[in-house]
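Structural features, examined
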Amino acid sequence: MQKRQKTLVGVTIVLLITVFTTGMMVEKGLRDAFSAETETYEELKIFAEVLSLIQKNYVEESKGKDLVYGAIRGMLNALDPHSAFMPPEMYKEMQVDTKGEFGGLGIQIGTKDNRLTVIAPIEGTPAERAGVKAGDFIIKVDEDSTKEMTLMEAVQKMRGPKGTKVQLTVQREGAEEPLVFNLVREVIKIDSVKSKMLDNHIGYVRLSQFQEMTAKDLASALRKLKEAKMQSIILDLRNNPGGLLTSAIETTELFIPPGKVVVSIKGRDPKKQKDEYQSGNKNPYDSYPMIVLVNEGSASASEIVSGALQDWGRAIVLGTPTFGKGSVQTILQLSDGSGLRLTTAKYYTPKGRSIQNIGIEPDIIVKLISIKGSAPAPPVLREKDLERHLKNEGAEPHPDREIQQQPAPLLNEAGQEAEDVQLQKAIDLLKTWEIFKEIRPLQAAG
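**What to know about the packing of helix α8 (residues 245–252) against helix α9 (residues 301–311)**
One way to put it is that α8 packs onto α9 with a least axis distance of 9 Å and a crossing angle of 25 degrees. As far as their axial angle goes, α9 and α8 are roughly parallel. Viewed along their axes, α8 and α9 form a crossing whose handedness is right-handed. Seen from α8, the contacting residues are Leu-245, Ala-248, Thr-251 and Thr-252; seen from α9, they are Ala-301, Ile-304, Val-305, Ala-308 and Leu-309. By residue class, the composition of the contact of α8 with α9 is seven nonpolar, two polar and no charged.

Structure representation (structure tokens):
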């Protein structure tokens, strides 16, 4: 089994942050490592010349560190949208984020059409309570325009100590004027696991993201549901943006037998084989009928889990196609305490599917759409909509699965969803599952 290292497979940001390093001068070790890269050295020579000219001739005095950090950000901005540089303070916050607690507003953000965009507000946070919605374009943070602001800079501005204030100005589709939200920062505690027992002894577990303790907390929740006579499982991964790769693997192996491939990853070296990660849990919950709920907000680590359970035939996946982020980010700490979140590989489901820009297609599609006269649904943002997204090398959705189209939900007069039809469909399927389980012995005897 491949040794598990700390890597991130979460989508963009949950007011979460990432990593890079500084490095202004070309050290001897760097020269040795890239001795064959003469062209790169010529370009670095030009960089050094520009840096020197700016420091000597620019109209105002400039700090070398600021210039280097700006250059690093520029380098990362030339890559995919999930690679990013973090100054030391951001790197420290990122380490806190993976533990599930941070100070801020509670917004998942990304970029669309070069604009800072809300992917989704986190339930129960200042942003969600104030009415910030998915698809909102954030045009100002306090008095600062986001037009030239990087994703990381925006996160840094929205983060802060509990009790401090921040103003967001957003442009919402259909609104004539920008909307202004005056928010007070809180300590955002994300309990990544919530569970309860539904009718017919159906155990319901919702994962909001994949943190260090998610799999452990999930195992605890499943034990309690088992003690309460759970007979089947619904795993809700809707609007789960991802998180730690190790957490996704540990979560998956709670539901499949040991020795099964959960996910494989491969970097850019064509000669190197894929690294496989296999399940190792000796006491999985692998005998319970199971349905996994997903939607367009289910990304990366969520897609690893749902894709593995789908490939092994362990669960029915129900909902709408997922976000489509099939890349892995490695966290690299730099010598001055700053960090780099660098995309280092793509991941593949057990059957070798790459979901980059495609996502996981559910076995049963249940769409949530508005009816005539209701409030318009927020625009859907997926990986393929992000600037500089990585391409898919040609993988297609699994060909031998029949996709069933389900009717749209009824909405009330306010345009709000009258019921969770995706969850209800899952419950109905599991109830039917149990009915067939009960009548099968009678049929065999007759």
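**A short note on the packing of aromatic side chains**
Considering all chains together, one arrives at two aromatic pairs under this definition. Between Tyr-69 and Phe-85 the ring centres are 4.8 Å apart and the planes differ by 65 degrees, which places this aromatic pair in the edge-to-face class. Remark: Phe-85 occurs in strand β2 (residues 84–86) and Tyr-69 occurs in helix α3 (residues 64–77); sequence separation between them is 16 residues. Judged on exposure class, the residue Tyr-69 and its partner Phe-85 are both buried. Ring centres 6.1 Å apart and planes at 35 degrees place the aromatic pair Tyr-285 and Tyr-288 in the tilted group. Assigned by exposure class, Tyr-285 and Tyr-288 land together as buried. If you follow Lys-196 out to its NZ or CZ, it ends over the ring of Tyr-204, 5.6 Å from the centre.

**Describing the pattern of salt bridges**
This model, assessed by the stated rule, comprises 10 salt bridges. Here Arg-238 makes a salt bridge to Asp-236, at a shortest N to O gap of 2.9 Å. Summarising the burial analysis for this pair, Arg-238 and Asp-236 share the class buried. The residue Asp-275 makes a salt bridge to Lys-272 at a minimum N-O spacing of 4.0 Å. Residue classification places Lys-272 among the partly exposed residues on the basis of a relative accessible area of 47%.

**Observations regarding the pairing of strand β6 (residues 137–141)**
Pairing between β6 and strand β8 (residues 165–171): four bridges, direction antiparallel. Opposite Val-141, over in β8, you have Leu-168 as the bridge partner. As defined by bridge partners, β6 adjoins strand β7 (residues 144–145) across two bridges and the pair is classed as antiparallel. Residue pairing across strands places Lys-140 opposite Ser-145, the latter belonging to β7. Where β6 folds back on β7, the antiparallel hairpin that results is connected by two residues, among which Asp-142 adopts a positive phi of roughly 55 degrees.

Calculation rules
Residues numbered from 1 in each chain as written. Predicted model: local features only at pLDDT ≥ 70, side-chain atom pairs only at ≥ 80, totals over all residues. Heavy atoms only, no water. Axes fitted to C-alpha atoms, helices over the stretch in contact; angles between N-to-C directions. Helix = DSSP H or I, 4+ residues; strand = E, 2+ residues; numbered from the N terminus. Parallel < 35°, antiparallel > 145°, perpendicular 65-115°, else oblique. Left-handed = near helix turned anticlockwise from the far one by under 90°. Contact = heavy atoms within 4.5 Å. Nonpolar A, V, L, I, M, F, W, Y, C, P; charged D, E, K, R; others polar. Phe/Tyr/Trp six-rings, centres within 6.5 Å; stacked < 30°, edge-to-face > 60°. Buried < 20%, exposed > 50% of the residue type's maximum accessible area, 1.4 Å probe, protein only. Lys NZ or Arg CZ within 6 Å of the ring centre and 35° of its normal. Salt bridge = Lys/Arg side-chain N within 4 Å of Asp/Glu carboxyl O. Pairing = 2+ DSSP bridges.

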